[in-house]
Amino acid sequence: MRILVLLSLATLLLFSSFSPTFCDHLADDEDLSFLDEPSAAPEHDHHYGADDSNFGDFEDFEEDDAEAYKQPEVDEKDVVVLKEKNFTDAVKNNRFVMVEFYAPWCGHCQALAPEYAAAATELKGEDVILAKVDATEENELAQQYDVQGFPTVHFFVDGIHKPYNGQRTKDAIVTWIRKKIGPGIYNLTTVEEAQRILTNETKVVLGFLNSLVGPESEELAAASGLEDDVNFYQTVNPDVAKLFHIDQDVKRPALILIKKEEEKLNHFDGKFEKSAIADFVFSNKLPLVTIFTRESAPSVFENPIKKQLLLFATSNDSETLVPAFKEAAKSFKGKLIFVYVEMDNEDVGKPVSEYFGISGNAPKVLGYTGNDDGKKFVLDGEVTTDKIKAFGEDFVEDKLKPFYKSDQVPESNDGDVKIVVGNNFDEIVLDESKDVLLEIYAPWCGHCQSLEPIYNKLAKHLRNIDSLVIAKMDGTTNEHPRAKVNTNFNCKYMVHAIVNYQ
């Protein structure tokens, strides 16, 4: 069986120019010009959930109403504006340059703008410049640096660029850049300096060493190089150590990770070498449970830990369920990301719940393998710490059976276009006695709506061919392992997919 997925509107125009050999049942001179008749598409606003909300990757797509987007007012006095005429000189004359390729209408770019500007201001005077390029105006630059989505951020070192894939916050950008341009580890010698660090930074590592130079410092610096989003400090001052909740009389070297959230203090008790230190920081730097918001989304999706355990619960239920969820999370540090989605949050929680096929108000725990394959697994029964732990262990060891969304199988399916849902996909689409043309669509998709009258006409015209099935499936509410579509429901417009099963 061959599966052909066509993801462009232009391809669908083939419907209006079928070859006479498409089917032996069509006469050579049969007129299919009716397929060219214009049909008005319904006028709708085709959005998935809230504007720019997404639970997948974070790329924007150009839209017909792009002019409606206005960049919010942001003080960008320290962000350098680059164009084709000054781009080469900027990269050549500055050793370290961060460049954001953006589109003015892009919601994610607008969200990044104040964070990026604040980072530029904080780094002013250091050996780096932060710049931006309007990719809608500088097309050649965008093509040269393979800009395929917005924002795209590159970091140049001596003219050689690598992508920046870190979080889109001021603190994350500043920390990441300082790691690249600085020594990677900083000395804390006074209590005043230490107090400033604890006040200003959201998470920090401190090593309490015997000496600020030598093997201990070298191991700590090497570990720092493996963790881009956490600043590492070292001290020999017992008063500084005490401020960081390290016993002044502890055997050195000692190390602590401090976070501004629950489970604030994480003491390291392993061997003082770079790999053990880096593993410790990686496993403990995230909160036990991340509350899913627009701001926290990058920390979930751009994390090297791809497997996620999601708790869907209402705000009322969260008071009892989130503590149990946090307790279970302690057993999976560095293995799973635990995420709480507030189902009754209209802005984010509700659309995310719908995306995963979670309905009603009953709490659910769901395992998700990330955006590469997008498999989902559902915990059945009551949500308790013990059950979450057992479910998480099976999830880590790949012992669970995937869950696929499905609408109810229609009671009647006699139309020219057959309705396919997840639970009747095998029966209709994988019927080896039939050739099946399947459209996977989204109800809010403008391209899908434009196609609908043409698709219906085609089905009507070919309905007497017993060996041929024309079908459609709502891809927002139905899934099947054989119906993978290389597109994302989180973009404003979903391009329809036509799947030809032969």
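Everything below is about the structure printed above this text.
If you're wondering where the values come from, they're calculated on a predicted model, not measured in any experiment.

J.: Give me the lowdown on the pattern of salt bridges, citing residues and values where you can.
T.: Opposite charge on two side chains allows them to pair when their charged atoms are near. Scanning all chains against the criterion turns up 23 salt bridges. E122 is the partner of R178 in a salt bridge, and the nearest nitrogen-oxygen pair spans 3.5 Å. With R178 in helix α5 (residues 170-181) and E122 in helix α3 (residues 107-122), this residue pair connects regions lying 56 residues apart in the sequence. Where K399 meets E397, a salt bridge forms, and the shortest distance between an N and an O atom there is 2.9 Å. With relative accessibility at 48%, the residue E397 sits in the partly exposed group. Linked through salt bridges whose partners overlap, the residues forming this network are E122, E126, K170, D171 and R178.

J.: Help me get a handle on the environment of E452, residues and values and all.
T.: Among the structural elements, E452 can be located in helix α15 (residues 446-461). Remark: the alpha-carbon pair of E452 and K472, spanning 20 residues in sequence, is separated by 9.8 Å.

J.: Before we move on, could you go through the side chain of E138 and cite the residues and values that matter?
T.: Of note, E138 is situated in the loop between β4 (129-134) and α4 (139-144). Among buried Asp, Glu, Lys and Arg side chains, E138 stands out as unpaired, with K83 the closest opposite charge at 4.2 Å. Engagement of the side chain of E138 in a polar contact is seen with the backbone nitrogen of E84, the distance being 3.2 Å. Apart from the residues lying within four places of it in its own chain, the contact partners of E138 are K83, E84 and V133.

J.: Describe empty space enclosed by the protein, naming the residues involved and giving the relevant values.
T.: Here the structure, examined in full by the defined rule, presents 3 cavities of 30 Å³ or more. A volume near 130 Å³ is recorded for the largest cavity. Taken together, 17 residues make up the lining of the largest cavity; nearest its centre are S283, L286, P287, K333 and L336. The leading source of residues in the lining of the largest cavity is helix α9 (residues 274-284), at 3 residues.

Calculation criteria
Numbering of residues starts from 1 in each chain and follows the order in which that chain's sequence is written. Residues qualify for local features only when their pLDDT is at least 70, as the model is predicted, and side-chain atom pairs are given and counted only at 80 or more; totals for whole chains, interfaces and linings, by contrast, use all residues. Processing note: side-chain calculations cover all non-hydrogen atoms of the structure and skip hydrogens and water entirely. Salt bridges, as used here, are contacts in which a Lys or Arg side-chain nitrogen is within 4 Å of a carboxyl oxygen on Asp or Glu. Put simply, DSSP marks the helices as runs of H or I at least four residues long and the strands as runs of E at least two long, and each gets a number from the N terminus on. Exposed residues in this analysis have more than 50% of their type's maximum accessible area, buried residues have under 20%, and partly exposed residues fall in between, with area computed by a 1.4 Å probe over protein chains only. Charged residues are defined narrowly, with Lys and Arg counted positive, Asp and Glu counted negative, and His plus the chain ends left uncounted. Pairs of N or O atoms are called polar contacts if they sit within 3.5 Å, as long as, within protein, a hydrogen donor faces a hydrogen acceptor (for residues adjacent in sequence, only side-chain-to-side-chain pairs). We call two residues in contact when some of their heavy atoms are within 4.5 Å. Cavity means a closed set of points on a 1 Å grid over the protein atoms alone, one where a 1.4 Å probe fits but cannot get out, pocket means an open set with protein on both sides within 12 Å along at least 5 of 7 lines, and lining means a residue has an atom within 4 Å of a point. Grid points are joined across faces, edges and corners, and a volume is the space filled by probe spheres set on the points.

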